[in-house]
Amino acid sequence: MLACKKCMFLTDQEKCPLCDGELSKEWQGMIVVLDWETSEVAAHMEIRANGKYALKVR
Amino acid sequence: MEEENADGEDLLEVDFPHTIFAIKTALGHEKTVAENLGQKGKRKGAHIFSIISPMKLRGYVLIEGEKNEKAIEELLKGMQYVRGIVGGERDISLKEIEHYLAPKPIVADITEGDIVEIINGPFKGEKARVKQIDTGKEEITVELFEAMVSIPVTIKGDSVRVLEKEENL
């Protein structure tokens, strides 16, 4: 799994499906967002789509 | 606070306040638990909003959801690598976990001129002086003390331990 350097979305694709950003294999921590509209954590992290995200990308 | 409808079934649509639960997991399996919980939560329509596996919290994941411990316990039942909910009356607030969500850069505590010890890689155990810091890449360039010729070496910021700060030298 790779992480987008821009929005930190985790994906197996070649480009970030959310923002088309560059991907990195160096990432740490994970947040799985199931309901971004209700989640305070997602709001805090400015996440606006459900899915898996890294907490830190290099 | 359970109600019953006309058919005698429990009404599950009760509004619970939101909270964050800490879940104990097997060491090294935090991300697997977060992913599996995400899938199971979605499948079962559980009232959880996010699952967090912070890198500095080994052996735990955090679940953000409705404050319904029974529903969470039910969801966790039979899940591999899960050891149970961490008990306690007190709620975990977003403020308390904020630092896990935006971890400070690894090189934040390192300044140019610091003396560091390299803790992994081919130069493990060597002492060096920090010459340059790349915050974006979280890399530092150091000069090894023991080297015959001073050659700058670039290594990851988490490969060193600060021995002496520049201001104390």
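Residues numbered from 1 in each chain as written. Chains lettered and ligands numbered in written order. Predicted model: local features only at pLDDT ≥ 70, side-chain atom pairs only at ≥ 80, totals over all residues. Heavy atoms only, no water.

1. Let's talk about the environment of B:Ile72
Residues and elements named next belong to chain B.
Item 1. For Ile-72, the position within the fold is in helix 2 (residues 69-76).
Item 2. Between the alpha carbons of Ile-72 and Ser-159 there is a distance of 39 Å; along the sequence they are 87 residues apart.
Item 3. Residues contacting Ile-72, with those up to four places away along its chain left out, are Phe-21, Ile-23, Ile-48, Ile-63 and Ile-85. (Helix = DSSP H or I, 4+ residues; strand = E, 2+ residues; numbered from the N terminus. Contact = heavy atoms within 4.5 Å.)

2. Looking at a nonpolar patch on the surface
Item 1. Residues B:Met148, B:Val149 and B:Ile151 make up a contiguous nonpolar surface patch of about 390 Å² in total accessible area.
Item 2. For B:Ile151, the location among the structural elements is in the loop between strand 7 (139-144) and strand 8 (152-156). (Patch = residues over 30% accessible without salt bridge, like charges linked within 9 Å, V, L, I, M, F, W, Y side chains within 5 Å. Areas by Shrake-Rupley, 256 points an atom, 1.4 Å probe, with all protein chains shown as cover. Salt bridge = Lys/Arg side-chain N within 4 Å of Asp/Glu carboxyl O.)

3. Quick word on helix 2 of chain B
Residues and elements named next belong to chain B.
Item 1. Every buried residue of helix 2 is accounted for by Ile-72, Leu-75 and Leu-76. Taken down its axis, helix 2 places every buried residue within 95 degrees of arc, on the same side.
Item 2. Looking at the buried positions of helix 2, the neighbouring elements they touch are strand 1 (18-25), helix 1 (30-44), strand 2 (48-53), strand 3 (60-66) and strand 4 (82-85).
Item 3. In the stretch just after helix 2, Gly-78 is the one whose phi turns positive, near 80 degrees. (Buried < 20%, exposed > 50% of the residue type's maximum accessible area, 1.4 Å probe, protein only. Arc of directions from axis to C-beta.)

4. Here we look at the environment of B:Gly157
Residue and element names in this part refer to chain B.
Item 1. Within the secondary structure, Gly-157 sits in the loop between strand 8 and strand 9 (160-164).
Item 2. Along the chain, Gly-157 and Val-107 lie 50 residues apart, while their C-alpha atoms are 5.4 Å from each other.
Item 3. Ignoring anything within four residues of it in the chain, the contact list for Gly-157 reads Ile-106, Val-107, Ile-110, Glu-138 and Glu-139.

5. What about the pattern of salt bridges?
A pair can form between side chains of opposite charge whenever their charged atoms are brought close.
Item 1. As enumerated under the stated definition, the model contains 13 salt bridges over all chains in all.
Item 2. For A:Lys52, the salt bridge identified is with B:Glu35, shortest N-O distance 2.6 Å. Note that A:Lys52 is positioned in strand 5 (residues 51-57) and B:Glu35 in helix 1, a pairing that runs across two chains.
Item 3. On the basis of relative accessibility, which here comes to 21%, the residue B:Glu35 falls in the partly exposed class.
Item 4. A:Arg58 is paired through a salt bridge with B:Asp158; the nearest N and O atoms lie 3.9 Å apart. Residue A:Arg58 is found in the segment after strand 5, and its partner B:Asp158 is found in the loop between strand 8 and strand 9; the two belong to separate chains.

6. As for the sheet that holds strand 9 of chain B
Adjacent strands of a sheet pair through backbone hydrogen bonds, lying either parallel or antiparallel.
All names here are of chain B.
Item 1. What the five strands build is an open sheet, ordered 8-7-6-5-9; its pairing is antiparallel. Since the sheet does not close on itself, it has two edges, and those belong to strand 8 and strand 9, each with one partner. The sheet shows a mean angle of 45 degrees between the axes of neighbouring strands, direction not considered.
Item 2. Across three bridges, strand 5 (residues 115-118) lies against strand 6 (residues 127-134) in antiparallel orientation. From the neighbouring strand, Glu-117 faces strand 6, where its bridge partner is Lys-127. (Pairing = 2+ DSSP bridges. Axes fitted to C-alpha atoms, helices over the stretch in contact; angles between N-to-C directions.)

7. Quick look at the packing of aromatic side chains
Between two aromatic rings, the relevant description is the distance of the centres plus the angle of the planes.
Item 1. One pass over the full model with this rule turns up one aromatic pair over all chains.
Item 2. A ring pair is formed by A:Phe9 and A:Tyr53, whose centres lie 5.3 Å apart and whose planes are at 80 degrees; its orientation type is edge-to-face. Here A:Tyr53 lies in strand 5 and A:Phe9 lies in the loop between strand 1 (2-4) and strand 2 (10-11), a separation of 44 residues in the sequence. By the burial criterion, A:Phe9 is buried, and A:Tyr53 matches it.
Item 3. Over the aromatic face of B:Tyr60 sits the side chain of B:Lys24, whose NZ or CZ is 4.7 Å from the ring centroid. (Phe/Tyr/Trp six-rings, centres within 6.5 Å; stacked < 30°, edge-to-face > 60°. Lys NZ or Arg CZ within 6 Å of the ring centre and 35° of its normal.)

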